Amino acid sequence: MAPDDTLKMIPLRVVGADRPGLWPRLSSIIERFFVRYKDALVWVHAVMFLVFLTVIFLPLFLPEPAENATALDDFSRFANFAMWGLWFPLVFFSVIFSGRSWCGLLCPMGAASEWANKVGLQRAIPDWVHWEGTPIVSFLIITILGQTVGVRDHPEAVAEVFGGTMLAAIVLGFVYGKKKRAWCRHMCPIGLLLGVFSRIGAVQFTAKRPKSGNDRFTEKTICPMMIDIPRKQESRHCIECFRCVHPEAKSGLFLQLRSPGREIENIRQHNPNRYEVWFLFLATGVALGGFLWLVLPQYQLIRAAVGEWFINGGHYWIGDSGPTWLMSVHPERREVFNWLDFFTIVGFMSATMIIMTAVLAFSTWMAAWLAGKAGADLSLKDRFTELGYQYTPVAMVSLIIGLGATLFQPLSAFNEDLPRLLKLALFCAGIIWSLWLGDRILKNQGVFPGRRSLPLLPGVLGSLMVGLAWWPGIFGM
Ligand code: SF4
Ligand code: SF4
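Along each chain, numbering runs from 1 in the same order as the chain's sequence is written. The order in which chains are written sets their letters, starting at A; the order in which ligands are written sets their numbers, starting at 1. At least 70 in pLDDT is required for a residue's local features to be given in this predicted model, at least 80 for side-chain atom pairs to be given and counted, and no such filter applies to totals for whole chains, interfaces and linings, which use all residues. For side-chain calculations, the full set of non-hydrogen atoms in the structure is used, while hydrogens and water are omitted.

**Details of the overall build of the protein chain**
1) Next: Secondary structure elements are defined from DSSP: runs of H or I of at least 4 residues count as helices, runs of E of at least 2 residues count as strands, and each element is numbered from the N terminus. For the protein chain, the count of helices and strands is 18 helices and four strands.
2) Next: Compactness check: the protein chain gives a C-alpha radius of gyration of 23 Å against a globular reference of 23 Å for 477 residues, within 12% of the reference.
3) Next: Taken along its principal axes, the extent of the C-alpha atoms in the protein chain is 70 × 55 × 50 Å.
4) Next: Type-normalised accessible area, obtained with a 1.4 Å probe on protein chains alone, sets the label of each residue: buried when under 20%, exposed when over 50%, and partly exposed for intermediate values. Per-residue burial over the protein chain gives 55% buried out of 477 residues. Put simply, the radius of gyration uses C-alpha atoms, and a globule should come to 2.2 Å times the residue count raised to 0.38.

See the structure below:
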């Protein structure tokens, strides 16, 4: 019996600690706590909204920090550290333990979008918003724009990227959906990332009276994320708002704790989705490109060659700066990008993304093909989708280490090598975890233990390739 078959045997009335999953008593206590105080979340969101506005906008009005200013004596430096050293890596890390709790319990953007929706036009959500590729496109645009405007270094860029995202969330919420979070379900670039990674999280909301059929999108539900509650199987859209959780009721959902990675091990029972898999590949590649252009000498060679080609052709405008909303123009901080920088950064990041996506897709295809030869069930396409999820830990560790590098910097005060060693340990853990998930997915595809080594090999090689590609960006040349 597959572990998740236990879901079919859930008692109709789940009250207190007699529930399936890990540590039932603890999950019952957590559930009761959040159900009891869920109305107070509005105040938490209001405070978070003010903190968000302060962190992203106040540095714009403060004097330029001194060269030697630190997060302890300068607010702009503190805001930058809070954003990239704490919020970014810790939110992603928290997904392993608590799924999308950031979204439901703390995020001011999602809450603002929902507030706007209550007083807004409440129009039907159009198809272009529904399209599953929309959050992928929004993630890619935001990530690349973040690099060209220098979002990790300049408060103006932070205000543009995060303020713009907040504005888009509010406008979309104001126009579309009825008592829903259309932005969070369909468009938020952060939500998509957290959603994919929440599948390895230790928290699951499970239906007390599950209905047959896969997860469905529906607007006729109390769920702000438009989840068809009795058919809910996947974690990715659930923001853990506890609105559908009533411990004494016979229907709705209940909180279940599970070992991290369990949903991906049994991904076929949790609505696998090929868009998510392609997103994992693309996100890993684009984040990698965002780092490598900063450290690789080859990037400078490419930039020089492209610049020479334009100048030889008489296109001197390539040396001019463009609009400040598109590229970093900060002479006061000795950073002024021109169109050459803009095109080479965008081109380099896009090329890295395409190459990394090709590597991961090819290795997954090889794994799926070899799994078929070893006796796996399903079609090649479905095996590909399932096996693509094995890269989730490696992709997550890449993003935490790469984009949240600021978190590790203060550790060098204890020992110069500590940040590097910690990052290396995290990477190794990610690779081993990915390998484990690959093995479990193959088991569920019906491949016997003695025949799994060959289909596992492409996954190992793919993970090592990701590790190798991050090497100069994280550990130095
Ligand atoms: S989906 Fe995005 S905007 Fe919505 S709650 Fe999550 S992070 Fe915030
Ligand atoms: S399924 Fe329940 S807990 Fe999850 S987002 Fe919907 S209403 Fe909130």
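**Focus: the nonpolar core**
1) Next: Core analysis: the biggest nonpolar cluster contains 121 residues, and Phe 162 and Phe 197 have the highest contact counts within it.
2) Next: In terms of residues, this core owes the most to one element, helix H12 (residues 274-295), which gives twelve residues.
3) Next: Contact definition: two residues touch when any of their heavy atoms are within 4.5 Å. Filtering out sequence-adjacent residues up to four positions away, Phe 162 remains in contact with Phe 52, Ile 56, Met 83, Trp 84, Trp 87, Met 109 and Val 151. Throughout, nonpolar core names a set of buried Ala, Val, Leu, Ile, Met, Phe, Trp, Tyr and Cys residues whose side chains join them through atoms within 4.5 Å.

**What to know about the packing of helix H3 (residues 75-98) against helix H16 (residues 392-403)**
1) Next: Direction vectors running N to C along H3 and H16 enclose 165°, while the axes themselves pass 9 Å from each other. The angle between H3 and H16 places the two elements in the roughly antiparallel class. As H3 runs across H16, the sense of the crossing is left-handed. Residues Trp 84, Phe 88, Pro 89, Phe 92, Phe 93 and Ile 96 of H3 pack against Met 396, Leu 399, Ile 400 and Leu 403 of H16.
2) Next: Tallied by class, residues from the contact of H3 with H16 come to ten nonpolar, no polar and no charged. Axis lines are fitted through C-alpha atoms, for helices just across the contact stretch, and the angle between N-to-C directions can take any value from 0 to 180 degrees. Oblique is the label for every angle not falling under 35 degrees (roughly parallel), over 145 degrees (roughly antiparallel), or within 65 to 115 degrees (roughly perpendicular). In this scheme the crossing of two helices becomes right-handed for a clockwise turn of the near helix relative to the far one and left-handed for an anticlockwise turn of less than a right angle. Each residue gets one of three labels, nonpolar for Ala, Val, Leu, Ile, Met, Phe, Trp, Tyr, Cys and Pro, charged for Asp, Glu, Lys and Arg, and polar for the others, Gly among them.

**Points about the site of ligand 1**
1) Next: The cutoff for a nearby residue is simple: one of its non-hydrogen atoms must lie within 4 Å of the molecule or strand. Contacts to ligand 1 come from Arg 100, Trp 102, Cys 103, Cys 107, Met 109, Gly 110, Arg 181, Trp 183, Cys 184, Cys 188, Ile 190 and Gly 191.
2) Next: Every element with two or more residues in the shell around ligand 1 is listed here: helix H4 (101-106), helix H5 (108-119), helix H9 (182-187) and helix H10 (189-197).

**Re the pattern of salt bridges**
1) Next: Salt bridges are defined as contacts in which a side-chain nitrogen from Lys or Arg sits within 4 Å of a carboxyl oxygen from Asp or Glu. A complete count under the given rule lists 23 salt bridges for this structure.
2) Next: When the shortest N-O distance is used, the salt bridge between Arg 333 and Glu 332 registers 3.8 Å.
3) Next: The partner of Asp 439 in a salt bridge is Arg 452, with the nearest N and O atoms 3.4 Å apart. Here Asp 439, found in helix H17 (residues 418-444), pairs with Arg 452, found in the loop between H17 and helix H18 (453-475); they are 13 residues apart in sequence, far enough to count as distant. The same class applies to Asp 439 as to Arg 452, namely buried.
4) Next: In the salt-bridge network here, residues are joined through shared partners; they are Glu 132, Arg 199, Glu 234, Arg 236, Arg 258, Glu 263 and Glu 276.

**Some words on the environment of Lys 232**
1) Next: Among the secondary structure elements, Lys 232 is positioned in the loop between strand S1 (203-207) and strand S2 (253-257).
2) Next: Accessibility expressed as a relative area gives 7% for Lys 232, which makes it buried.
3) Next: As for Lys 232 and Ala 116, which are separated by 116 residues in sequence, their C-alpha atoms are 27 Å apart.
4) Next: Once you skip the residues sitting within four places of it in the chain, Lys 232 turns out to touch Phe 205, Asp 215, Ile 227, Cys 238 and Leu 253.

**Details of the site of ligand 2**
1) Next: Around ligand 2 sit Cys 223, Pro 224, Ile 227, Cys 238, Ile 239, Cys 241, Phe 242, Cys 244 and Leu 253, and those are all the residues in its vicinity.
2) Next: Tallied by class, residues from the shell around ligand 2 come to nine nonpolar, no polar and no charged.

**Some remarks on a nonpolar patch on the surface**
1) Next: Each patch groups residues whose relative accessible area exceeds 30% and which form no salt bridge, using 9 Å between like charges and 5 Å between nonpolar side chains of Val, Leu, Ile, Met, Phe, Trp and Tyr. Accessibility throughout is a Shrake-Rupley quantity obtained with a 1.4 Å probe, and a residue counts as covered only by protein chains that appear here. A contiguous nonpolar patch, built from Phe 57, Leu 58, Leu 60, Phe 61 and Leu 62 and spanning about 440 Å² of accessible area, is present on the exposed surface.
2) Next: Mapped onto the elements of the fold, Phe 61 is located in the loop between helix H2 (41-57) and H3.

**Structural notes on the packing of helix H7 (residues 134-149) against H10**
1) Next: At a closest axis distance of 8 Å, the pairing of H7 and H10 adopts a crossing angle of 115°. Classed by the angle they form, the pair H7 and H10 counts as roughly perpendicular. Between H7 and H10 lies a crossing whose hand is left-handed. The residues of H10 that touch H7, namely those facing Pro 135, Ile 136, Ser 138, Phe 139 and Ile 142, are Pro 189, Leu 192 and Leu 193.
2) Next: Taken together, the residues of the contact of H7 with H10 break down into seven nonpolar, one polar and no charged.

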